[in-house]
Amino acid sequence: MTLEKIHYAALMAALSAVTPAFGAGDAARGAKVFGACAACHSLRAGEHLTGPSLAGMVGRRAGTTDGFVRYSEALRKADVTWDEKSLDVWIANPQKLIPDNLMTFRGIRDAGQRADLIAFLKNPGASAEASGGMMGAPRLESLRGLEPQARVTAIRYCQDSYFVTLASGRTIPFWEFNLRFKTNGTADGPAPSKPAILRAGMGGDRASIVFASPEEINQFIKRRCE
Ligand code: HEC
């Protein structure tokens, strides 16, 4: 090696300690940008939220993630494979790349942030370690084995109100507009016939009741005034 080349190599090594690679994004910074996606996407394989899991997304054809059944026709029919280029266009403006897709996201304007995010998506595991094991995505809480005050044993409906009886014995009234009925049929969902209540809103005046299956909703709710 000539002296010039050695100097050049040393310079490149010094530079790469600061910027990981020329033209490429910084995955650790990208992990933070992923916060814009985390409400809808998990990075765990097979864990689908509003959107499909993004584990192993790079290199895959659009609309083909196993186990995700809510793809739009637009995405399923799109002739797109996810690589750095297509992801960059998608993240900048999803509707421009594939019109009528169902990802309600305005896009990220800043090209540097997109490059960082793509670097992260290519290898989320490594940068998750670098950023302290934070995967960013929320995990749906397990609704198994809950405390008695989070388990519902009966629901009565009268006029404009639901009266929800808990396993603790307490009955709480809700205005019908403040109560939501949901289902979670996964292994994290409640056991059959053991719906869970999740309190929310200021002072817990709103709540969701989560059933193991939609059939249980009618079985549980009895129309009766006392
Ligand atoms: C409000 C929820 C939401 C947010 C926020 C969101 N997405 Fe999505 N995403 C979706 C949905 C829903 C789909 C499926 C769209 C369809 O089928 O038309 C999707 C699809 C995708 C796909 C295509 C998946 C496949 O299997 O082909 C990619 C890639 C993607 N999102 C990346 C991102 C990234 C990166 C971000 C953050 C910058 C993000 N999304 C933010 C909901 C969201």
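A short tour of the structure in this document, coming up. (Residues numbered from 1 in each chain as written. Predicted model: local features only at pLDDT ≥ 70, side-chain atom pairs only at ≥ 80, totals over all residues.)

Side note on the sheet that holds strand β6 (residues 206–211)
Spatially, the three strands line up as an open sheet ordered β4-β6-β5, and their pairing is mixed. Each edge of the sheet is formed by a strand with only one pairing partner; in this case those strands are β4 (179–183) and β5 (196–200). Strand-to-strand, the axes of this sheet are offset by a mean angle of 25 degrees, without reference to chain direction. Here β5 pairs with β6 via five bridges, running antiparallel. By the bridge assignment for β6, I197 is matched with I209. (Pairing = 2+ DSSP bridges. Helix = DSSP H or I, 4+ residues; strand = E, 2+ residues; numbered from the N terminus. Axes fitted to C-alpha atoms, helices over the stretch in contact; angles between N-to-C directions.)

A few points about the sheet that holds strand β7 (residues 221–223)
The mixed open sheet is built from four strands, whose spatial order is β3-β2-β1-β7. Looking at strand neighbours, the two that pair on one side only are β3 (171–175) and β7, the edges of this open sheet. With strand direction ignored, the average angle separating the axes of adjacent strands in the sheet is 25 degrees. One ladder, built from five bridges, connects strand β2 (residues 161–166) with β3; its direction is antiparallel. Looking at the pairing, Y162 lines up with F174 of β3.

Things to note about helix α6 (residues 111–122)
For an α-helix, 3.6 residues make a turn, and residues three or four places apart therefore share a direction. The end-to-end C-alpha distance of α6, which contains 12 residues, comes to 17 Å, matching closely the 16 Å that a straight helix rising 1.5 Å per residue would cover. Restricting attention to buried positions, one finds in α6 the residues R114, A115, D116, L117, I118, A119, F120 and L121. (Expected span 1.5 Å × (residues − 1). Buried ≥ 20, exposed ≤ 12 C-beta atoms within 10 Å, placed from the backbone.)

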